[in-house]
Amino acid sequence: MKARWILILSILLMPLMGLGQSSNASKQQKKADEKKEKKEKAAMVTEAKLRKRHIKIQTKETQKRMKRSKKKSKRNNANKPSRTFFQRMMGTNK
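As a starting point, this report considers the structure included with it.

**A closer look at the pattern of salt bridges**
Then, in step 1: The full count for this structure, using the stated rule, is one salt bridge.
Then, in step 2: Notably, a salt bridge pairs Glu 47 with Arg 51, separated by 2.9 Å at the nearest N-O pair. With a gap of four residues between them, Glu 47 and Arg 51 both fall in helix α1 (residues 2-56), about one helical turn apart.
Then, in step 3: According to the relative accessible area criterion, Arg 51 is exposed, its value standing at 54%.

**Here we look at the packing of aromatic side chains**
Then, in step 1: In total, this model carries one aromatic pair according to the counting rule given.
Then, in step 2: Geometrically, the ring pair formed by Phe 85 and Phe 86 is edge-to-face, given 5.4 Å between the ring centres and 75° between the ring planes.
Then, in step 3: For Phe 85, a relative accessible area of 48% translates into the label partly exposed.

**Brief notes about a negative patch on the surface**
Then, in step 1: On the surface, Asp 33, Glu 34, Glu 37 and Glu 40 cluster together into a patch of negative charge.
Then, in step 2: As for its placement among the helices and strands, Asp 33 is situated in helix α1.

About the cut-offs
Residues numbered from 1 in each chain as written. Predicted model: local features only at pLDDT ≥ 70, side-chain atom pairs only at ≥ 80, totals over all residues. Heavy atoms only, no water. Salt bridge = Lys/Arg side-chain N within 4 Å of Asp/Glu carboxyl O. Helix = DSSP H or I, 4+ residues; strand = E, 2+ residues; numbered from the N terminus. Buried < 20%, exposed > 50% of the residue type's maximum accessible area, 1.4 Å probe, protein only. Phe/Tyr/Trp six-rings, centres within 6.5 Å; stacked < 30°, edge-to-face > 60°. Patch = residues over 30% accessible without salt bridge, like charges linked within 9 Å, V, L, I, M, F, W, Y side chains within 5 Å. Areas by Shrake-Rupley, 256 points an atom, 1.4 Å probe, with all protein chains shown as cover. Lys, Arg positive; Asp, Glu negative; His and termini not counted. Charge placed at Lys NZ, Arg CZ, Asp CG, Glu CD.

Take a look at the structure:
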């Protein structure tokens, strides 16, 4: 009878024992996520600066040509469907 109560209490308290570690793990996960977001943001800022620098070191004629080709590609890509014919027929997603 006593063993039965010990068994029941241990089964009931077992989930509570595991919760002590999960809060510490979630704090570490939050820190890791924040650090990752910070790195991604810094990478995006650096990439934007490098793009501006790349355009700036070109000659004026090249800058105009780059601008025209960028506009032309945006126009052409705007008319393309998001999914190709075969993707629509087979039902696959991108």
